Amino acid sequence: MAAKKAKILILGGDGIGPEVMDESVRVLEKSLEGSGLKLDYEKDLAGGCSIDQHGIPLAPETLKKAKKADAVLLGAVGGPKWDALPHEKRPEQALLGLRSGLKLFANLRPAKILPALVTASSLKEDVVGGIDLLVVRELTGGIYFGKPRGIKDLKSKDQGPKSKKGFNTEVYTTTEIDRILRSAFDAARVRRKKVTSVDKANILESSILWRETATALGKDYPDVTLEHMYVDNCAMQLVRNPKQFDVIVTTNLFGDILSDEAAMLTGSIGMLPSASLGAKKNRLGFAQGMYEPVHGSAPDIAGKGIANPLATILSCALMVRYSLGRDNVAVRLEKAVEKALEDGFRCGDIFEEGKIKVGTKEMAEKVMERL
Ligand code: IPM
Ligand code: MG
């Protein structure tokens, strides 16, 4: 088969985003040597840098480019500079705009503890050792997008003249629930075949429907064990006995919260990648997707060359796996990251006594040497 060129849109974003992205792309390029796969990169702005340039967090042309790309790599968005802006103008809106504009309804957030990092977790080694779970978060629905929403003045006299109300709506259709559950079941099939569907069905109607839909769909996957868990219990179980989990599937908001918790079990949120996928296939015949580290823009360390690039490198690996269809290259990248850690190299966020402290560029080089 003739080598195909895949189009990748790079949105470095704000803070440490661009620096970890530049280094990760160097590693990615190196990992593709000899694979026959060539990537065409285009760079654009998203988040605060786009606000500075265009006055809006995501320009329509940028979204257009994203739609045409085979995959999007995103660094991180946001920072104190833009914190005072009204919510619809904040950098975070770029993320939401990309997620909904590209219809990326499934957000995969793996949390796997690497043997070399087991002591970096704030939990005991015997609790976290061997964790390998995947949070599948619904990404284009729920309270993040539900209507009605807003802040309104209250007219009623008894509330006082200045009283207001803020409101959002948690809404899920069976179509939305069905497709995210399918993503979770499919993921579980190639893992340990267990799905934990997380909801608040003791209180919320949207969750009652979620649970009913999940249960019905479970019949299509007799080889996968389905269990249901309330979100508060899940938050507790994650720190009590995280090894019970294989795939956790949940709503947009619950997934936002639980994925941060799951990330921290592994010792550093700076280590974790994510993939956002929809139903659309790219020109290579694989899923069009957006890939980003779970961590934020860390403005306090931006521009210092010390940020940990591993989550972005691992996000590139996910892109290679899901959007470029080269599982072998993805595995090679992931192994090289593990090897660099085993050999003692650490960025500041996961540094421990007795290890070798390296900066962003050096860490990328250590990974490249091990490819
Ligand atoms: C995440 C982030 C975003 C979210 C913010 C930055 C909009 O917390 O990707 O988890 O809430 O989805
Ligand atoms: Mg979050």
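Since we're looking at a predicted model, the values are computed, not measured.

Participant: Even after reading the chapter, I still don't get the environment of Gly-36, so can you show me in this structure?
Facilitator: Inspection of the secondary structure assignment puts Gly-36 in the loop between helix 1 (17-32) and strand 2 (38-44). On the basis of relative accessibility, which here comes to 35%, the residue Gly-36 falls in the partly exposed class. Separated by 242 residues in the primary sequence, Gly-36 and Gly-278 place their C-alpha atoms 26 Å from one another.

Participant: What's the story with the layout of surface pockets in this structure? I'm lost.
Facilitator: For the largest pocket, the calculated volume is near 920 Å³. Forming the boundary of the largest pocket are 34 residues, of which Pro-110, Leu-134, Leu-318, Arg-321 and Tyr-322 lie nearest the centre. Elements with a minimum of two residues in the lining of the largest pocket: strand 4 (106-112), strand 5 (132-138), helix 6 (174-189), strand 11 (273-281), helix 10 (310-322) and helix 11 (327-342). Examining the composition of the lining of the largest pocket, we find that six residues originate from one element, strand 11, more than from any other.

Participant: Can you help me understand the pairing of strand 4 in this one?
Facilitator: Burial analysis of strand 4 places five of its seven residues in the buried class, the great majority of the element. Of the strand pairs in this sheet, strand 4 and strand 5 are connected by seven bridges, and their pairing is antiparallel. Counted as the bridge partner of Ala-111 is Leu-133 from strand 5. Where strand 4 lies against strand 11, three bridges are found, and the strand directions are antiparallel. Each residue of the ladder has a partner; that of Leu-108, found in strand 11, is Ala-275.

Participant: What should I look at first to understand the environment of Arg-332 in this one?
Facilitator: The residue Arg-332 is located in helix 11 in this model. Arg-332 gets classed as partly exposed once you look at its relative accessible area, which sits at 34%. Separated by 38 residues in sequence, Arg-332 and Arg-370 have C-alpha atoms that sit 9.1 Å apart. When near neighbours in sequence (up to four residues on either side) are disregarded, Arg-332 contacts Ser-31, Glu-33 and Leu-371.

What counts as what
One numbering rule holds for all chains: residues counted from 1, following each sequence as written. In the order they appear in the text, chains get letters beginning with A and ligands get numbers beginning with 1. Reporting of local features is limited, given that this is a predicted model, to residues whose pLDDT is at least 70; pairs of side-chain atoms are given and counted only at 80 or more, and all residues count toward the totals for whole chains, interfaces and linings. To get the side-chain values, take all heavy atoms of the structure and skip hydrogens and water. Under the scheme used here, helices are H or I runs from DSSP no shorter than 4 residues and strands are E runs no shorter than 2 residues, and both carry numbers assigned from the N terminus. Burial classification: accessible surface area is computed with a 1.4 Å probe over protein chains only, and a residue below 20% of its type maximum counts as buried, one above 50% as exposed, and the rest as partly exposed. The pocket and cavity definitions rest on a 1 Å grid over protein atoms only: a 1.4 Å probe that fits but cannot leave marks a cavity, an open set with protein on both sides within 12 Å along at least five of seven lines marks a pocket, and residues lining either have an atom within 4 Å of a point. Grid points are joined across faces, edges and corners, and a volume is the space filled by probe spheres set on the points. Between any two strands, pairing holds if DSSP finds at least two bridges. Any two residues whose heavy atoms approach within 4.5 Å are treated as being in contact.

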